[in-house]
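Fold and geometry: a report
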Amino acid sequence: MKTRDVPQEESILAGHQRACYAQDENGHYVVVGSIGWEVEKIVNGQANDEVRAQIAQALAGARRGVLSPLAYHMARRQMDPGLLAAYTGFSRWRIRWHLRPKVFAGLPERILQRYADAMQLPLDELRALPAGDDHERL
Amino acid sequence: MNAFEHRHAGHCESGTVAALLRHRGLNLSEPMVFGIGGGLFFLHLPIVKMGGIPLTSYRDAPRAIMKNMSRRLGVRWRQHRYRSPEAAMQALDAFLAEGRPVGLQTCIYWLPYFPVDMRFHFNGHNLVAYGKQGDDYLLSDPVVETTVTCAADDLKRARFAKGTFAPRGLVYYPEHVPADPDLERAVRDAIRTTAKRMTDIPMPFLGVRGIRWLADRLERWPEKLGPEMARKWVGSVVRMQEEIGTGGAGFRFMYAAFLQEAGQMLASNALLEASQELSATGDRWREFAILGAQLVKGRESSDSAYRQLADTLRACAADEQRLFTRLKSAV
């Protein structure tokens, strides 16, 4: 790749730059900052769409009352029961059990606190769902 | 101790190692560290899945670059892991107080200076901590263009992320840095090993064979997985090549930069030519990424699009087969 061909396109990098190795006019390799590449935007967008879809699905389930708020917060943290198990020390099986609304509603504070710490959320937020659909992911 | 010099790098591991060694007086470029560390590789492992998607990698395993380059140059490192996050942060403060920049293993997800869309649970991210101001750490993250600051709580969380490849607070710094290492011998040995690994491992999913293996499988993804899943898998390959910090074309451009530097050092035309060839192969890999992205976007998802993708991969495989076979005897 030549330095003039390093893509400078619309970006996911939010003002950051990515270091690309490219050849200058004398053929020497140098580092050139790229502010973005459409290819990267497309494949990164695909991965983030997947995350957003999982969050939306968990939120809809929680609103319908078939899933507990834990399902929504877990999706929001891009976690699955396996990863959340590693963070909390609970078993995956136990976490799946806590995804039931009634079970979750009856959990004592010390259990909820472990989820809150693992996901870096205030306890009140963990118990609740966001008001709208345009909630923050992080 | 002198001020820490930040340099923008293509990849976190080679960038961190190069920065720490430079600070200790061994001035090697990132491509040199990457090349001597034998960083270039290819593998596609259908049985090892991450989030249900098979693992594709354009480089050797995490920390292999550091291990191999250190063995070849005689660099020795001190490293510590911690059970307690508090102890790990205190130890970090002590290193910084004595003016010692250190490498840290972290999880990208918990580092707030990355844009939201880049934050995934990936535990293998390396960076340098070089100072502290109040409650904020001064970091030199090689894949970011400038130095950044990070609050203590966030850094602690990133150092004690859980899951696959959990960092467990890993901190490392060079203990012994040779004043005048035998670079020429290290470069020859590294190129020979990389060339052998790319062409000689008799397993279908490693090296050049792995590229062909991916091509054959990718061609059948639409019928095997259905169009939606197939697009997801193609997207993941392209992300591993371009998005995760490779310097472009899945480390091929960085390795071409290494071959150029090595060619100048050893006054070897064969290496300089190999660098040119790998640059052209890198351009081909970029074509693969463009085709893959078009497919992901749904502009083109017929069987012929998958065939074209597979054929591009086969052309890359043929290029690299030729190149690395020749490199084995060139050094």
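Residues numbered from 1 in each chain as written. Chains lettered and ligands numbered in written order. Predicted model: local features only at pLDDT ≥ 70, side-chain atom pairs only at ≥ 80, totals over all residues.

1. Overview of the overall build of chain B
A tally of regular secondary structure across chain B gives 11 helices and eight strands. Over its C-alpha atoms chain B spans a radius of gyration of 20 Å, differing by no more than 12% from the 20 Å that the globule rule assigns to 331 residues. Its C-alpha atoms give chain B principal-axis dimensions of roughly 60 × 45 × 30 Å. Looking at chain B as a whole, 50% of its 331 residues qualify as buried. Contacts in chain B between residues far apart in sequence, at least 24 positions, make up 70% of those at least 6 positions apart. (Helix = DSSP H or I, 4+ residues; strand = E, 2+ residues; numbered from the N terminus. Rg over C-alpha atoms; globule rule 2.2 N^0.38 Å. Buried ≥ 20, exposed ≤ 12 C-beta atoms within 10 Å, placed from the backbone. Contact = placed C-beta atoms within 7 Å.)

2. Comments concerning the sheet that holds strand β3 (residues 76–80) of chain B
Whenever strands of a sheet pair, they do so through backbone hydrogen bonds, lying parallel or antiparallel. Residue and element names in this part refer to chain B. Read across the sheet, six strands follow the order β3-β8-β4-β5-β6-β7 without closing on themselves; strand pairing throughout is antiparallel. Only two strands of the sheet have a single partner each, and these edge strands are β3 and β7 (148–151). Here the strands of the sheet are splayed against their neighbours by 40° on average, with no regard to which way each runs. Inspection of the sheet shows β3 paired to strand β8 (residues 171–176) by five bridges, in the antiparallel sense. Residue pairing in the sheet places His80 in a bridge with Val171 of β8. Against the sheet, helix α1 (residues 12–23) engages β4 (102–106), β5 (125–133), β6 (136–140) and β8, with an angle of about 45° to β5. Across the face of the sheet, helix α5 (residues 152–159) comes into contact with β4, β6 and β7 while running at roughly 85° to β7. (Pairing = 2+ DSSP bridges. Axes fitted to C-alpha atoms, helices over the stretch in contact; angles between N-to-C directions.)

3. Quick notes on helix α11 (residues 303–330) of chain B
All names here are of chain B. With 28 residues, α11 extends 40 Å between its outermost C-alpha atoms, agreeing within 8% with the 40 Å of an ideal straight helix rising 1.5 Å per residue. Residues of α11 that are buried: Tyr306, Leu309, Ala310, Leu313, Cys316, Ala317, Asp319, Glu320, Leu323, Phe324, Leu327 and Ala330. Contacts made by the buried residues of α11 are with α6 (183–200), α7 (207–225), α8 (227–243) and α10 (269–297). (Expected span 1.5 Å × (residues − 1).)

4. Notes on unusual backbone geometry
Of note, Ala14 of chain A is a non-glycine position whose phi angle comes to about 50°, a positive value. Looking at the element boundaries, Ala14 of chain A is found in the segment before β1 (18–23). C-beta crowding within 10 Å serves as the criterion here: with 11 such atoms nearby, Ala14 of chain A is assigned to the exposed category. In this structure, Ala267 of chain B takes a positive phi of about 45° despite not being glycine. Mapping Ala267 of chain B onto the fold places it in the loop between α9 (252–265) and α10. Overall, the presence of 8 C-beta atoms within 10 Å leaves Ala267 of chain B in the exposed class.

5. Side note on the domain arrangement of chain B
Interface extent is often summarised as the accessible area lost during association of the parts. All names here are of chain B. Partitioning chain B into domains gives domain 1 (12–176) and domain 2 (183–330). On a C-alpha basis, the centroid separation for the pair domain 1 and domain 2 is 25 Å. Counting from both sides, the interface comprises 24 residues of domain 1 and, opposite them, 31 residues of domain 2. Those elements that place two or more of their residues in the side of domain 1 that touches domain 2 are α2 (30–36), β1 (40–50), β2 (53–59) and α3 (64–73). (Domains from an automatic or database assignment.)

6. Quick notes on the nonpolar core
Ranked by internal contacts, the top residues of the largest apolar core, which has 113 residues, are Val33, Phe253, Tyr255, Leu309 and Leu313 of chain B. What Leu309 of chain B contacts, discounting residues up to four positions off in sequence, is Leu218, Val234, Phe288, Leu291, Gly292 and Leu295 of chain B. Judged by nonpolar contacts, the second largest core, of 20 residues, contains Leu83, Ala85, Tyr87 and Tyr115 of chain A. (Core = buried A, V, L, I, M, F, W, Y, C linked by C-beta atoms within 7 Å.)

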